[in-house]
Structure formats: structure tokens, C-alpha cells
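Given next are the chains, with one letter for each unit.
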Amino acid sequence: MMRILSGIQPSGSTHVGNYLGAIKQWVSSQNPDAYYCVVDLHALTLDIDPEELREKTLDCVATLLAAGIDPEIATLFVQSNVAAHAKLNWLLECVATFGELNRMTQFKEKSGRQKGYRVGLLTYPVLMASDILLYDAQQVPVGDDQRQHLELTRALAERFNARYGPTFTVPVGFVPHAAARVMDLQEPSRKMSKSLSSPLGSLYLFDEPSEIEKKIKKAVTDTDGEMRFDPKKKPGLSNLLDIFASFSNETPQDVASRYSRYGDFKSDLAALVIESLAPIRTRYRELRSDPGQLSAIITLGAKKASASAEPVYERAAKAMGLIGG
Ligand code: AMP
Ligand code: TRP
């Protein structure tokens with residue numbers, strides 16, 4: 001069995017990029033050795049209202065359950081409920097260097113957009129490495145934007161093992177072939193994002209069907225009218241083909257070969273997205289209106305995750321010379 005760990009931030013609303021790039025893979029690869037984590041500590045790196053964080057964390061857990069994560073099979077938990085994450089984070093901050101964190105593309109992008117950014121924004125990938133290494137994860141399913149953070153995790157694990165003796169499993173990333181990078185529908189040179197998209201640029205999981213239809217209809221394509229998958233020359237259309245193919249489990253080329261007109265293709269894409277998301281939306285509403293059930297699932301997840309993470313933290317602390325209690 002493959003030991004898997006992945007995480008998602010509870011900030012913003014979950015979009016089709018998160019679903020196709022990450023959540024769908026989580027569901028299909030879940031097993032008793034899979035750990036899925038709502039990373040609320042990571043959300044504190046940007047400005048977020050406490051009440052909003054609380055609600056979004058519950059939204060996020062409910063979304064993962066609605067999408068098909070089964071808490072009886074995999075472990076679904078909230079990061080801050082497992083103290084070992086923050087504890088290992090400190091140990092690994094004393095293994096990582098300022099230079100390597102300062103080089104991270106996501107840090108450069110996010111810090112460039114605000115004055116007085118938080119130190120946590122710089123050290124964010126160390127916390128992510130802690131999430132992964134605490135579970136002896138072999139495989140980490142993520143979207144393309146997380147490759148660099150995963151490389152850093154591998155480097156930290158290898159450095160730690162070389163310096164303090166074999167302690168951590170060195171994980172590998174697993175980036176899906178289709179929809180690894182779903183792009184903004186209005187600006188297809190930019191990835192679909194929770195925070196930065198134009199109003200029509202992101203398809204959210206819980207958009208009303210009419211909204212989904214409108215956004216897909218207005219999605220930017222091109223004027224040559226040729227139905228062809230070519231992300232470099234035809235980024236807008238290729239993004240839509242990629243989304244279609246990922247929902248229907250086909251290749252974008254096969255999808256393209258069935259259509260000759262953009263309009264017909266867009267109508268079918270809207271219908272496919274709406275139909276695929278409908279059961280998730282219904283289940284989400286049920287879960288969100290039952291706080292007792294949600295909280296029991298969160299408590300169970302915290303217990304299961306702590307049982308795996310604590311011994312690994314102890315192993316690392318001991319290797320570094322901390323005497324323990
Ligand atoms: P985040 O929303 O940043 O917490 O991301 C949660 C997961 O979704 C991560 O595995 C990301 O790599 C993935 N993801 C985020 N945006 C996209 C996108 N536009 N396309 C594909 N995957 C994405
Ligand atoms: N950094 C990831 C993102 O922004 C979220 C994340 C945190 C994560 N910890 C993780 C992903 C551990 C995979 C494994 O998308």
C-alpha cells in the first residue's frame with residue numbers, strides 16, 4: 001500500500017483547478033494509508049478573519065467528504081488539531097536555509113504583492129515539508145504549482161537524514177497528467193486561483209449552474225476557429241479541452257476530434273461540468289447542515305493522524321538531541 005499525504009488550504013472557495021488537479025486524485029487513490037489534511041495553519045500566512053477561517057475550514061472538510069473522501073478508509077484531518085505539525089516545523093526551520101526559502105517562486109509572487117508580509121509566508125514550505133514528512137509519505141499528489149515545494153521537502157529530508165541519521169522517508173511528488181494546471185478562463189496564461197482570478201475567471205465547485213454556463217460561454221478562446229489541443233498557441237481552448245478531458249477521463253485530443261465548432265463544444269462542456277458537480281453539491285449541503293456529524297469526523301481524523309505523526313516527531317526530536325519527556 002502506498003503511504004500518501006496531501007493538503008489543501010481552507011482559504012477562498014474551492015475551484016475546478018483544486019478539484020481536478022488535486023481532490024479528484026485524492027479520492028481515486030484513497031486507502032487506509034492515505035492522509036488528507038486541511039491546512040488551516042498555512043491559511044494564517046495571509047490576512048484572514050478568524051470567523052472566516054473557522055467557517056472555511058468546515059467548508060473545506062465538507063467539500064472533501066462530498067467529493068468522495070471516505071473517513072472510514074482514509075484519514076481526513078485538520079492540521080492545527082495535530083500538534084506535531086507545528087513542533088516539527090520548528091525543527092525543520094533549523095535545517096532549512098534562508099536562501100532556499102527566499103528562492104521559492106510562490107514566496108516571491110505572494111510577498112511581492114504586499115508590504116509587511118508575514119514571516120510565515122517565507123517559512124510556509126517548511127510547514128508543508130513537516131506535513132509530509134510526519135506521515136512517512138511516499139507519494140504526494142499535488143498540482144503543478146507545488147512541484148518546487150516538494151523538491152524542497154525532499155532536500156530537507158535528505159539533509160536531515162545525512163546530518164542526524166536515517167529518520168524521514170523521502171517522498172515523491174505525483175502530478176496528474178490531465179488538468180495539473182487549470183488556467184484562468186479569462187486569462188489563460190495564469191492559473192485558476194482562489195484569490196487572484198477575475199470574476200469570470202474561476203469556476204467554483206459550488207457556483208450555480210447558470211453561473212457555470214455563463215463563465216464557460218464567456219471563456220476566452222481564439223479566432224482561428226480550429227478545434228485543436230495546443231496549449232502554447234491556443235491556451236484558452238486547450239484549457240477548456242483539458243477540463244473536459246479530465247472530467248470525462250479522456251484525452252484532450254480525443255475530445256477535440258469530436259467537435260468542429262467552439263460553441264457546441266462549450267455547451268457540452270458546461271453540461272458536463274454541471275452534471276459532474278451536482279452530486280457533490282447536494283452532498284455538501286447535507287454535510288454542512290449537520291455540524292455534529294462534521295465535528296465527529298474531525299475528531300476521529302485528529303486522533304488517527306496524531307497516532308501516526310507523534311512517533312515520527314519523537315524520532316526526529318531524539319535524532320537532533322532533544323531529550324524528550
Ligand atoms: P491550494 O488552493 O493552493 O490550497 O491548492 C490545493 C491543491 O490544488 C494543491 O495540490 C494545488 O496544487 C492544486 N491546485 C491549485 N490550483 C490549481 C490549478 N489552477 N490547477 C490545478 N491544480 C491546482
Ligand atoms: N502548499 C499547498 C498549496 O498551497 C498546500 C499544502 C500544505 C500541501 N501542506 C501540504 C500540499 C502537504 C501537499 C502536501 O496548495
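Criteria and thresholds
Residues numbered from 1 in each chain as written. Chains lettered and ligands numbered in written order. Predicted model: local features only at pLDDT ≥ 70, side-chain atom pairs only at ≥ 80, totals over all residues. Heavy atoms only, no water. 1 Å grid on protein atoms, 1.4 Å probe; cavity = no way out; pocket = protein on both sides within 12 Å on 5 of 7 lines; lining within 4 Å. Points joined across faces, edges and corners; volume = space filled by probe spheres on them. Helix = DSSP H or I, 4+ residues; strand = E, 2+ residues; numbered from the N terminus. Nonpolar A, V, L, I, M, F, W, Y, C, P; charged D, E, K, R; others polar. Contact = heavy atoms within 4.5 Å. Buried < 20%, exposed > 50% of the residue type's maximum accessible area, 1.4 Å probe, protein only. Pairing = 2+ DSSP bridges. Domains from an automatic or database assignment. Buried area = accessible area lost by both parts, 1.4 Å probe. Salt bridge = Lys/Arg side-chain N within 4 Å of Asp/Glu carboxyl O. Polar contact = N/O pair within 3.5 Å; in protein donor to acceptor, adjacent residues only side chain to side chain. Phe/Tyr/Trp six-rings, centres within 6.5 Å; stacked < 30°, edge-to-face > 60°. Near = heavy atom within 4 Å. Sits in = over half its atoms within 2 Å of the grid points.

Attention now moves to the layout of surface pockets. Of the volumes computed, that of the largest pocket is approximately 1,200 Å³. Looking at the largest pocket, it is lined by 49 residues, and the ones nearest its centre are Gln9, Gln106, Asp145, Gln146 and Lys191. Broken down by secondary-structure element, the contributors of at least two residues to the lining of the largest pocket are β1 (4–8), α1 (16–28), α2 (40–43), α6 (105–112), α7 (119–133) and α8 (147–164). When residues in the lining of the largest pocket are grouped by element, the largest group, 5 residues, is from α1. Grouping the constituent residues of the lining of the largest pocket by class yields 18 nonpolar, 19 polar and 12 charged.

Going through the model one piece at a time under the given rule, you end up with 1 cavity of 30 Å³ or more. Counting only elements with at least two residues in the lining of the largest cavity, the list comes to α6 and α7. Counted by class, the lining of the largest cavity contains 5 nonpolar, 2 polar and 1 charged residues.

This paragraph deals with the environment of His149. For His149, the location among the structural elements is in helix α8. In this structure the C-alpha to C-alpha distance between His149 and Gln106, which are 43 residues apart in sequence, comes to 8.9 Å. Those residues in contact with His149 that sit more than four places away from it in its chain are Met104, Gln106, Tyr124, Pro125 and Met128.

Right, let's talk about the pairing of strand β3 (residues 75–78) for a bit. A two-sided burial pattern is seen for β3, the buried positions comprising Thr75 and Phe77 on one face and Leu76 and Val78 on the other. As judged from the 4 bridges shared by strand β2 (residues 34–38) and β3, these two strands associate in the parallel manner. Residue pairing across strands places Tyr36 opposite Leu76, the latter belonging to β3.

Parsing the protein chain into structural domains produces domain 1 (4–179 + 290–320) and domain 2 (209–283). Averaged C-alpha coordinates put domain 1 and domain 2 at centres separated by 31 Å. At the junction of the two partners, domain 1 supplies 9 residues and domain 2 supplies 8 residues. Buried area between domain 1 and domain 2, both sides added, is near 820 Å², and the carbon and sulfur share of it is 67%. At the junction of domain 1 and domain 2, the tally comes to 0 salt bridges. Across the domain 1-domain 2 interface, the total number found is 2 residue pairs in polar contact (both at pLDDT 80 or more). Elements supplying a minimum of two residues to the side of domain 1 that touches domain 2: α1 and α3 (50–67). With 4 residues, α1 is the single largest residue contributor to the side of domain 1 that touches domain 2. Among the residues making up the side of domain 1 that touches domain 2, the classes are represented as 7 nonpolar, 1 polar and 1 charged.

Where burial is concerned, most of β2 is hidden: 5 out of the 5 residues are buried. With burial as the criterion, each face of β2 is covered, one bearing Ala34, Tyr36 and Val38 and the other bearing Tyr35 and Cys37. Here β1 pairs with β2 via 5 bridges, running parallel. Of the residues in β2, the one forming a bridge with Ser6 is Tyr36.

Right, let's talk about the packing of aromatic side chains for a bit. Taken as a whole and assessed by the stated rule, the structure comprises 11 aromatic pairs. Consider the rings of Phe244 and Tyr259, whose centres lie 6.3 Å apart with planes at 65°: the pair is edge-to-face. With Phe244 in helix α10 (residues 235–248) and Tyr259 in the loop between α11 (252–257) and α12 (262–288), the pair connects residues that are 15 residues apart, well separated along the chain. Classification of Phe244 by relative accessible area gives buried; the value is 6%. Its relative accessible area of 14% is what places Tyr259 among the buried residues. For the pair Tyr259 and Phe265, a centre-to-centre distance of 5.4 Å together with 65° between the ring planes defines the contact as edge-to-face.

Turning our attention to the site of ligand 2. Taken together, 13 residues surround ligand 2, and among them Gly7, Tyr124, Met128, Asp131 and Gln146 come closest. Within the contact set of ligand 2, an oxygen atom lies 2.7 Å away from a side-chain nitrogen or oxygen of Tyr124. Take Gln146: an N or O atom from its side chain is 3.1 Å from a nitrogen atom of ligand 2. Using a 2 Å cut-off from the grid points, one finds that ligand 2 occupies the largest pocket. Elements supplying a minimum of two residues to the shell around ligand 2: β1 and α7. Broken down by element, the shell around ligand 2 gets its largest block of residues, 4 residues, from α7.

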